[in-house]
Structures are given as structure tokens and as C-alpha cells.
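Results of the structural survey
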Amino acid sequence: MISKVWLISLISTLVLSGCMSHSSSSTSGSTEFAEDFPKQGVSLSYEVLRADLLDGKTNQPFEVRNGGFGSAMTAHPSIRHQFYALTDRGPNANYSGDYGKGKTFPVADYTPRIGLFEVSEGAQITQLKSILLKRPDGQLISGLPNTSALGGTGETPYHANGLPVLMDDSKPYNAQTNPIKLDDYGLDGEGLVALKDGTFWVSDEYGPHMVHYDANGVEIGRINAFKMDSRNTFNLPAVFQHRRANRGMEGLAITPDEQTLVGIMQSTMRNPDKSAQKGDLTRIVTVNLQTGKTEQYLYRQEKNENSNSEIAALTQTQFLVIERDGSFLLGGPKKANPKAQKQVYRIDLSSATPLSSVALSNSVTRDESHGLLIDGLTLEQYAQQRGWAALAAEGIKPVSKTLVVDMVKEVAYPHDKMEGLWIIDHHHLGVLNDDDFATWSTKGKLEQKYLNGNTVDSNQLYIINAELLLE
């Protein structure tokens with residue numbers, strides 16, 4: 001819980017800085033809708049994508065729902081009671097078939113999209129618009145994996161019937177003339193920013209990529225860690241090529257002056273390899289949109305292999321970050337876990353060590369691919385093997401973090417994923433879960449995703465009144 005002093009200090013800082021995020025500086029609309037919002041949240045609407053598949057547990061038909069708008073969330077730049085939300089690559093689940101390990105895509109032609117939603121008094125949520133994401137030439141993108149040259153990790157896409165997704169599904173597989181279908185424009189979107197000019201930035205779990213889209217969803221720019229990618233405007237440091245599969249750039253924010261993108265990786269990267277990925281060190285990267293200059297900072301998670309699912313700007317250096325685990329408080333596809341973690345932290349980049357400022361020496365060096373090394377170890381390895389105190393002794397400190405809200409304590413948060421964060425104003429936060437299109441899988445078999453045995457998971461919006469956080 002936070003104190004009154006902390007809250008007053010935060011509000012004073014935001015007002016004096018003149019650097020509040022888009023939502024808080026907005027004057028359009030009111031926040032009356034937030035005052036009486038139900039504590040248990042309100043579900044977003046959905047459409048059924050298909051209902052002909054048989055549940056792997058019950059052998060009865062189940063619904064694949066769209067839904068799916070919980071991968072990221074951000075304020076409308078000028079209208080307080082509206083927000084944008086993002087889908088990921090579409091319904092999918094782990095699957096191993098004749099063509100190797102990969103994912104089953106029950107709606108393989110699904111196009112990732114941005115939804116515009118409005119919240120009105122009486123806790124009514126209306127979807128106003130759906131913006132399908134497109135290539136620079138206007139063709140719809142897919143959610144299928146990228147090729148290995150752009151970070152693909154060898155995931156084979158399969159249809160729900162176990163057949164591979166091919167360039168032409170009407171013909172048999174042929175490695176040369178009809179290969180497995182991959183998409184270098186394919187996006188597994190997880191972070192979203194809406195700018196005042198009507199454009200969007202999206203970050204994803206594949207490359208990871210940061211992609212700039214116009215108001216109609218057409219790509220107009222791209223940033224990633226692959227220097228050979230001719231689509232790029234700027235490049236991320238090469239170390240981000242070592243993202244852990246399905247745990248890429250999960251959160252994206254922009255500073256209030258709209259000059260700097262700020263991305264956060266979901267979990268510890270495979271840097272230099274898989275043995276390093278089970279730690280508690282994640283990376284934050286900033287990109288100056290005028291110069292392309294990047295900077296990196298470290299974030300220390302509460303426990304190994306946690307997930308940082310969202311980041312949202314308060315000021316130029318202060319942000320809110322979601323940190324969560326993957327468990328269910330009340331049960332569901334997994335057993336109930338009374339210690340489930342779904343929390344929002346306030347962080348300050350100015351309290352952390354910019355990695356570019358670390359002085360080099362005989363023991364501290366830089367590698368083009370793996371970044372800063374200490375005694376030949378990557379930072380991921382060093383923290384895992386020697387601890388954060390040893391990093392501090394080398395002059396490397398993570399961002400400071402202060403707990404803002406524990407969603408388990410506040411609302412008995414029942415979902416496994418907490419991935420959307422909407423700063424409404426000084427006193428209200430919106431939180432949105434990812435419902436996975438109401439699907440789950442057990443041992444590769446698709447099924448309905450239930451919470452606590454009988455409630456189908458859905459995108460659920462929660463609005464937290466800051467007054468509830470006062471002691």
C-alpha cells in the first residue's frame with residue numbers, strides 16, 4: 001500500500017513537471033465513468049471466430065472468441081474516456097507435429113489489430129473501431145512467425161487439424177515450391193503507444209520489433225536489432241536478438257514529449273544462451289525518435305522468470321510497470337495459487353545506471369552481440385551467478401521500484417495475465433487482462449479457457465481508484 005504522502009508527492013511532481021502522460025494532460029471528456037465502476041470489472045464484447053472445434057477435455061464444441069484485446073492498452077491521446085487495446089498474433093497454442101515444434105493457429109489467417117474503446121457512465125464499454133494492421137503496401141499482415149533472419153525461433157505454424165500452414169494449403173508440402181508459410185511482417189504484438197498525430201507504435205515478441213503504423217494501420221516505420229533489415233529507420237542494440245521465445249518486448253511507452261520510446265522485455269533474455277534465461281534481470285531500452293540513440297537500464301523482478309507485461313509513462317523518467325507471474329488465484333487451467341502475483345510498480349529511470357555509462361576495464365568489456373560483459377559473463381549470467389550485490393559493486397544499479405497496487409489484494413484478480421495498463425488521470429488506473437481468445441491447450445489439445453472451473457475467461461477491464469490505495 002502507498003501512503004498519502006507518496007500520492008501527494010506524485011501528483012505534485014506530475015503537475016510541476018508539466019510532463020504528464022497523454023491521458024492526464026487531456027481535457028476532453030470527464031472521469032465520472034470511473035467513480036462507480038464495478039470492483040469486479042466489466043467484460044469487453046467479443047465475436048466468435050469459430051465454434052466448430054472440439055474441446056480437448058470435454059469433446060464438446062467450444063468457442064474461439066475475438067476478444068483477444070488484452071495484450072496491450074494505452075490512453076487515447078485527447079479523450080479521457082477512450083482507450084486503445086491491442087491483440088497479439090491471434091489464437092494459438094503449443095503444438096508438436098510432423099514438421100517439428102511450433103504453434104497451432106486455429107485461425108491461421110487472423111490479422112492482429114488495434115481496437116478503440118469508449119467507457120461511459122453506467123460502466124458501459126463500447127468498441128468504436130477496429131484497425132487491422134497492414135504492410136507498407138496496404139496488404140494485411142498475419143500473426144505467423146518471422147523467418148530466422150529476423151529473429152524467428154523455428155516455430156512451425158500448424159492448423160488446428162495438425163497440418164502445417166503452407167504457402168498454398170490446397171497443395172501438398174514441398175520445401176521448394178510450397179514451403180511452410182512464415183511472415184516477416186507477422187507480428188505478435190504486446191506493447192502499444194498512441195500518438196497525438198493519430199499514429200501508433202507497436203512492440204512485439206517476435207523480433208522484437210517496434211513498428212510504426214499510421215492511423216489506418218499501415219506500416220510507416222520500423223525499429224529492430226537486425227541491421228540487415230532494410231525496413232528499419234533505426235536499430236536496437238544487437239543484444240535484443242537474444243530475446244527469449246514468446247517473451248519479447250512485452251511493454252511499450254512513450255515519454256510525454258513524444259520524443260522517446262521506452263520498451264521493456266518480458267523476462268530474462270537468452271543472453272548468451274538458454275542457460276541464462278531463468279533469472280530475474282530484465283532490460284529496458286529507450287530510443288530517441290529524432291536521432292535513433294538508444295540507452296539501456298536494468299529492472300530487477302521479484303522472482304525468477306516473472307513477466308513484465310506493460311509500461312506506461314508518468315513523466316520523462318517515471319513509469320508504471322506491470323509485473324506478474326502466470327498463475328491463477330482461484331484456479332482455472334492450472335491449480336489455484338493464493339500467492340499469485342499481479343502488481344503495478346512505479347519505477348524511475350533516473351535512479352538506474354545507464355549501461356552506456358559503465359566504464360570499461362580489464363574485467364568490464366563490451367561485445368557487439370551480447371552487450372556489456374563482466375569477467376566474460378553477460379549481465380544476465382552475472383546477476384544469476386553472483387547476485388545483484390555484485391552488480392552494484394561494479395557500479396550497475398537497476399531502476400528503483402515502489403509498489404503502487406496489488407491487484408490480488410484489491411480485486412481478487414482471477415486471471416493469469418495482466419497485460420494492459422491505462423493511466424486515466426491522477427487518481428485512476430485501468431487494468432486489462434489478456435484472455436487468449438478464450439482458448440487454452442493441454443498437451444497440444446485446444447480447449448476452452450475457464451476461470452475457476454465454470455467461467456470462460458474474457459477481456460475484463462478494471463478501474464482502480466487511487467483513493468483505495470491510501471492507508
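Calculation rules
- Residues numbered from 1 in each chain as written.
- Predicted model: local features only at pLDDT ≥ 70, side-chain atom pairs only at ≥ 80, totals over all residues.
- Heavy atoms only, no water.
- Helix = DSSP H or I, 4+ residues; strand = E, 2+ residues; numbered from the N terminus.
- Rg over C-alpha atoms; globule rule 2.2 N^0.38 Å.
- Buried < 20%, exposed > 50% of the residue type's maximum accessible area, 1.4 Å probe, protein only.
- Contact = heavy atoms within 4.5 Å.
- Areas by Shrake-Rupley, 256 points an atom, 1.4 Å probe, with all protein chains shown as cover.
- Lys, Arg positive; Asp, Glu negative; His and termini not counted.
- Charge placed at Lys NZ, Arg CZ, Asp CG, Glu CD.
- Patch = residues over 30% accessible without salt bridge, like charges linked within 9 Å, V, L, I, M, F, W, Y side chains within 5 Å.
- Salt bridge = Lys/Arg side-chain N within 4 Å of Asp/Glu carboxyl O.
- Phe/Tyr/Trp six-rings, centres within 6.5 Å; stacked < 30°, edge-to-face > 60°.
- pLDDT = per-residue confidence, 0-100.
- Polar contact = N/O pair within 3.5 Å; in protein donor to acceptor, adjacent residues only side chain to side chain.
- Pairing = 2+ DSSP bridges.

Re the overall build of the chain
- Secondary structure summary: the chain contains six helices and 33 strands in total.
- A compact globule built from 471 residues should have a C-alpha radius of gyration of about 23 Å, and the chain, at 21 Å, falls within 12% of that.
- Referenced to the eigenvectors of the C-alpha coordinate spread, the extents of the chain come out at roughly 65 × 60 × 45 Å.
- Evaluated residue by residue, the chain yields a buried proportion of 59% over its 471 residues.
- Look at the contacts in the chain between residues 6 or more apart in sequence, and 62% of them connect residues 24 or more apart.
- When the accessible surface of the chain is summed, it comes to about 18,600 Å², and 48% of that surface belongs to carbon and sulfur atoms.
- Counting 44 positive and 55 negative side-chain charges, the chain places the centres of these two groups 6 Å from one another.

Some words on a negative patch on the surface
- Taken together, the side chains of Glu32, Glu35, Asp36 and Glu121 define an acidic patch exposed on the protein surface.
- Structurally, Glu121 is set in the loop between β8 (113-120) and β9 (124-132).

Focus on the packing of aromatic side chains
- According to the stated counting rule, one finds ten aromatic pairs in the structure shown.
- Centre to centre, the rings of Phe33 and Trp422 are 6.0 Å apart; their planes meet at 10°, and the pair counts as stacked. Of this pair, Phe33 sits in helix α3 (residues 32-35) while Trp422 sits in strand β27 (residues 420-425), placing them 389 residues apart in sequence. Each of the two residues, Phe33 as well as Trp422, counts as buried.

Here's the deal with the confidence of the model for the chain
- The share of residues in the chain with pLDDT of 70 or more is 92%, and the mean pLDDT across the chain is 92.
- Confidence over residues 1-27 falls short of pLDDT 50; this stretch has 64 contacts with residues more than four positions distant or in other chains.

Some details on the environment of Glu35
- Structurally, Glu35 can be placed in helix α3.
- The exposure class assigned to Glu35 is partly exposed, which follows from its relative accessible area of 45%.
- Separated by 279 residues in the primary sequence, Glu35 and Leu314 place their C-alpha atoms 21 Å from one another.
- Residues contacting Glu35, with those up to four places away along its chain left out, are His428 and Asn465.
- A distance of 3.3 Å separates the side chain of Glu35 from the side chain of His428, its partner in a polar contact.

Side note on the pattern of salt bridges
- Applying the stated criterion across every chain, the model contains 23 salt bridges.
- A salt bridge links Glu63 to Arg65; the nearest nitrogen and oxygen atoms lie 2.9 Å apart.
- Residue Arg65 is classed as buried on the basis of its relative accessible area of 13%.
- What emerges from the salt-bridge pattern is a single network uniting Asp416, Lys417, Asp436, Lys449 and Asp457.

Structural notes on the side chain of Glu205
- With respect to the helices and strands, Glu205 occurs in the loop between β12 (200-204) and β13 (210-213).
- The buried charged residue Glu205 lacks any salt bridge, with Arg89 as its nearest oppositely charged partner at 5.4 Å.
- Apart from the residues within four sequence positions on either side, Glu205 is in contact with Asp188, Glu190, Arg243, Asn246, Arg247, Gly248, Met249, Glu250 and Gln266.

Here's the deal with the pairing of strand β14 (residues 219-224)
- For β14, the buried fraction is high: five of the six residues fall into the buried class.
- With four bridges joining them, β13 and β14 adopt antiparallel strand pairing. From the neighbouring strand, Met210 faces β14, where its bridge partner is Ile223.
- In this structure, the hairpin formed by β13 and β14 is closed by a connection of five residues, where Gly217 is found at a positive phi of approximately 85°.
- Pairing analysis gives two bridges linking β14 to strand β15 (residues 234-235), with the strands arranged parallel. By the bridge assignment for β15, Asn224 is matched with Asn235.

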